[in-house]
Amino acid sequence: MSRLRGWRHWLLLGALLVASAAAWVAPGPHGTVLAGIMLAVAWVWIGRFVMGFDRDQRLFQETVVQLNETVERWASGDLQARVYLDQEDPLDPLAYGLNRVAEVLTERTHDLEQDKQRLEAILTSMANGIIILTHGLTITLSNAAALKLFRIDEPHVVGKHLLEVIRDVAIDDAVHKVTREGGAQTVEWSPPDYESTVVEVTVAALTQPTGGLGAVLVARDVSAQRQVDRMRQDFVANVSHELQTPLTIIRGFTETLLDNPDPVMAERFIQLIHDEADRMSRLVDDLLALSRMEHHSLPVALQPVDVPVLIDSIVSKMTPRAASAGLTITNRVPPGLPLMAGDADLLAEVFLNLVSNAVQYTPEGGAITISGTVDEQAGLVGVCVTDTGIGIPSADQSRIFERFYRVDKARSRASGGTGLGLAIVKHIIELHTGRIEVKSTVGRGSEFLVWVPEYAGEPLV
Ligand code: ADP
């Protein structure tokens, strides 16, 4: 290539030709010989020049082919390809520059790939569902949580229109509003057959790279939160109701007494007022016990608890009440039953509640039996309270541990029940990492089996 650019060569060739012409016209044989020599040199020079030119052209063509091939490999995604030229080659700086561009591109592509992987990992691990839409409401991105929350079976939703995937008027309206006016909207969505599942969907405007507004949908399952809210509302309503009944009775009796202070009536009424005040006091005590347990402010000191001794004291306490109701209580807890790991006072409350319920819900002539058992494999000690009472319908069995849930409200109230006993029992057992099982047949009786970990003898916290 250098020959092509070498103006000095052309100058020298010109000088030779001029010199040979001068020698030709010069008189004498020397001039002719000199001219001949110069012409021969010039021809040799021209020959060399032409051959050199050919070789340069071949080299140039090879370089162009190599450049072409490399650029094509880059275009097809192979950024590892490089151009290798001779250092003398005038196109070598260009090749160096192109190789450098390929290196920078490789680095950038690697960085982008890493960013993409990071983003994918975040989106996949997110509990919230994400769907990104274009202005025309075509899905450009969605994560696994979104598919799960919206119960979408089709895994490939990218490229589809939102309405093909989620057919919901409220979401559709929100998305249209946001892509038209910007801002954000929040709506709630429930799957058609699962009304208890509530998904909160926040739709926010997203500026598109091509202009216009797209949208991003962020969905989260708020079912548990809604259920807690509902339970809290129910609880407040229940407490108010439970307190209102005795208060109405007390107010009624006191007003009657104020209007008619008859001493005979007064004695009976005062007794009734006292009973109602008692009921309120029991209710408040139970509520406080529940509240303490729910806030875990109740330390459970896991000490060795001798179950036969504990059950003995409960049977002694309950026998007079059972006897006056025409019931028998039999203690079949074997004396050698392993120790339970727990708080003796709290466990006493559990068994007192269960035996008291058995007495309350067993008609005259019935029998209550308390027995003990061990699950050696699981390391649990069990106590079973069985009665021959009215029984619990199977539909109610899973609900009797809820606060204020009663199968027969009138019967429970008439016998002074607060509807909180089994809720307290369940909480106490959970604090002991135990469990309670119930089996019951209407008209034949119920069986409450409590399992609590066995005291292993090692220091317990
Ligand atoms: P209550 O103060 O009403 O007894 P509990 O929480 O102790 O409240 O019990 C909830 C409900 O479970 C009771 O109202 C009753 O309907 C039912 N129940 C509990 N124990 C028994 C039992 N041994 N036999 C029949 N029903 C029972």
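Remember, predicted model here, so these are calculated numbers, not experimental data.

Rules used in this analysis
- Residues numbered from 1 in each chain as written.
- Predicted model: local features only at pLDDT ≥ 70, side-chain atom pairs only at ≥ 80, totals over all residues.
- Heavy atoms only, no water.
- Near = heavy atom within 4 Å.
- Polar contact = N/O pair within 3.5 Å; in protein donor to acceptor, adjacent residues only side chain to side chain.
- Areas by Shrake-Rupley, 256 points an atom, 1.4 Å probe, with all protein chains shown as cover.
- Helix = DSSP H or I, 4+ residues; strand = E, 2+ residues; numbered from the N terminus.
- Nonpolar A, V, L, I, M, F, W, Y, C, P; charged D, E, K, R; others polar.
- Phe/Tyr/Trp six-rings, centres within 6.5 Å; stacked < 30°, edge-to-face > 60°.
- Buried < 20%, exposed > 50% of the residue type's maximum accessible area, 1.4 Å probe, protein only.
- Lys NZ or Arg CZ within 6 Å of the ring centre and 35° of its normal.
- Pairing = 2+ DSSP bridges.
- Contact = heavy atoms within 4.5 Å.

Draft legend 1. Region of the structure containing the site of the ligand. In the region of the ligand, 22 residues are neighbours, and Asn357, Tyr361, Ser412, Gly419 and Leu422 sit closest. In this structure, an oxygen atom belonging to the ligand sits 3.0 Å away from a main-chain N or O atom of threonine 418. Within the complex, 97% of the 520 Å² of free accessible area of the ligand lies under protein. At the level of elements, helix H11 (344–360), helix H14 (421–431) and strand E12 (445–453) are the ones that each hand at least two residues to the shell around the ligand. A class-by-class count of the residues in the shell around the ligand yields ten nonpolar, nine polar and three charged.

Draft legend 2. Just the packing of aromatic side chains, in detail. Counted according to the given criterion, the structure contains three aromatic pairs. Ring geometry for phenylalanine 235 versus phenylalanine 404: centroids 5.8 Å apart, planes at 40°, classification tilted. Here phenylalanine 404 lies in the loop between helix H12 (394–397) and helix H13 (409–414) and phenylalanine 235 lies in helix H8 (residues 223–259), a separation of 169 residues in the sequence. According to the relative accessible area criterion, phenylalanine 235 is partly exposed, its value standing at 22%. Take phenylalanine 404: its relative accessible area is 5%, and that puts it in the buried class. The ring centre of tyrosine 194 lies 4.4 Å from the NZ or CZ of arginine 151, which sits over that ring. It is arginine 403 that lies over the ring of phenylalanine 235; its NZ or CZ is 4.4 Å from the centre.

Draft legend 3. Expanded view of the pairing of strand E5 (residues 213–221). For strand E1 (residues 129–133) and E5, the ladder comprises five bridges, and the chain directions are antiparallel. Note on E5: the bridge partner recorded for isoleucine 132 is valine 216. Two elements, strand E4 (residues 199–207) and E5, share nine bridges in a ladder whose sense is antiparallel. Residue pairing across strands places threonine 207 opposite leucine 213, the latter belonging to E5. Between E4 and E5, which follow one another and run antiparallel, lie five residues, and glycine 211 among them has a positive phi close to 90°.

Draft legend 4. Highlighting the side chain of threonine 362. As for its position among the elements, threonine 362 is in the loop between H11 and strand E9 (367–375). Given a relative accessible area of 5%, threonine 362 falls into the buried group. Reaching out from threonine 362, the side chain makes a polar contact with the backbone oxygen of alanine 358 at a distance of 2.5 Å. Apart from residues no more than four positions distant in its own chain, threonine 362 is found in contact with Leu327, Ala367, Asp387, Thr388 and Gly389.

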